[in-house]
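As a plain string of letters, each chain reads:
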Amino acid sequence: MFKAGQIIYFTPFYFENGKSGPKDKYFVVLENSEDDAVLASLPTRRNFIPDGLGEDTGCVEVPEINLNCYKLCKGQVITTNGKSFGFDTHLYGRQIRTYTYSWINDIYPNYEVDYIIWGELLPDIFEKLKACFRESDMVKNKYKRMLKS
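Described in the following lines is the structure provided in the data block.

Procedures and definitions
Residues numbered from 1 in each chain as written. Predicted model: local features only at pLDDT ≥ 70, side-chain atom pairs only at ≥ 80, totals over all residues. Heavy atoms only, no water. Core = buried A, V, L, I, M, F, W, Y, C linked by side-chain atoms within 4.5 Å. Buried < 20%, exposed > 50% of the residue type's maximum accessible area, 1.4 Å probe, protein only. Helix = DSSP H or I, 4+ residues; strand = E, 2+ residues; numbered from the N terminus. Contact = heavy atoms within 4.5 Å. Expected span 1.5 Å × (residues − 1). Pairing = 2+ DSSP bridges. Axes fitted to C-alpha atoms, helices over the stretch in contact; angles between N-to-C directions.

## Regarding the nonpolar core
Move 1: In this structure, L30, I78, L121, L129 and F133 are the most contacted members of the largest nonpolar core, which totals 22 residues.
Move 2: Going through the elements one at a time, β2 (23-32), β5 (67-72), α2 (123-134) and α3 (141-148) are the ones with two or more residues in this core.
Move 3: If one sorts the elements of this core by residue count, α2 sits on top with 5 residues.
Move 4: The contacts of F133, once residues within four sequence positions are left out, are L30, N68, L91, Y92, G93, I96, V139, K144 and L147.

In structure tokens:
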């Protein structure tokens, strides 16, 4: 359904836990699993990186505060179709989740109505993002194994 490296834009995204109301949201596909699921990260504008760290695009790892983050800088071209975010964007290792395709298909049946494929990460950025999560002690082992395939 989705290809690893794609950025999907849901209008709106419904959070599985029900704790947050639906809102328009980007969804970065990290990997597809063999059991009909997709491993993804939901980027956010929220910055939990301590001052003086993470000034540039890249991986930020601060074990003392259990922080693993890949930062994308505002205005930097990150997709193969030349797109960038208009704000600093953060992908946190602790926020990686799997979503089943059946759940996605039930809630988002219509491409270009419920969601669009916004772009595909540039290969070097995508590989660095996956390495950032794969090499972190803050990311669950089952996710790290998926990122090695």
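Now, onward.
## Digging into α2
Move 1: Spanning 12 residues, α2 covers 16 Å between terminal C-alpha atoms, matching the ideal 16 Å at 1.5 Å per step.
Move 2: The complete set of buried residues in α2 reads I125, F126, L129, K130, A131, C132 and F133.
Move 3: Structurally, α2 contributes buried residues whose contacts are with β2, β4 (58-62), β5, β6 (89-92) and α3.

## Concerning the sheet that holds strand β8 (residues 115-120)
Backbone hydrogen bonds hold the strands of a sheet together, and the pairing may be parallel or antiparallel.
Move 1: Sheet architecture is open: 5 strands sit in the order β7-β3-β2-β1-β8, paired in antiparallel fashion. For this open sheet the edge positions go to β7 (97-100) and β8, each flanked by a neighbour on one side alone. Across the sheet, the axes of successive neighbouring strands diverge by a mean angle of 40°, strand direction being ignored.

Limitation: the analysis is restricted to geometry and does not speak to function.
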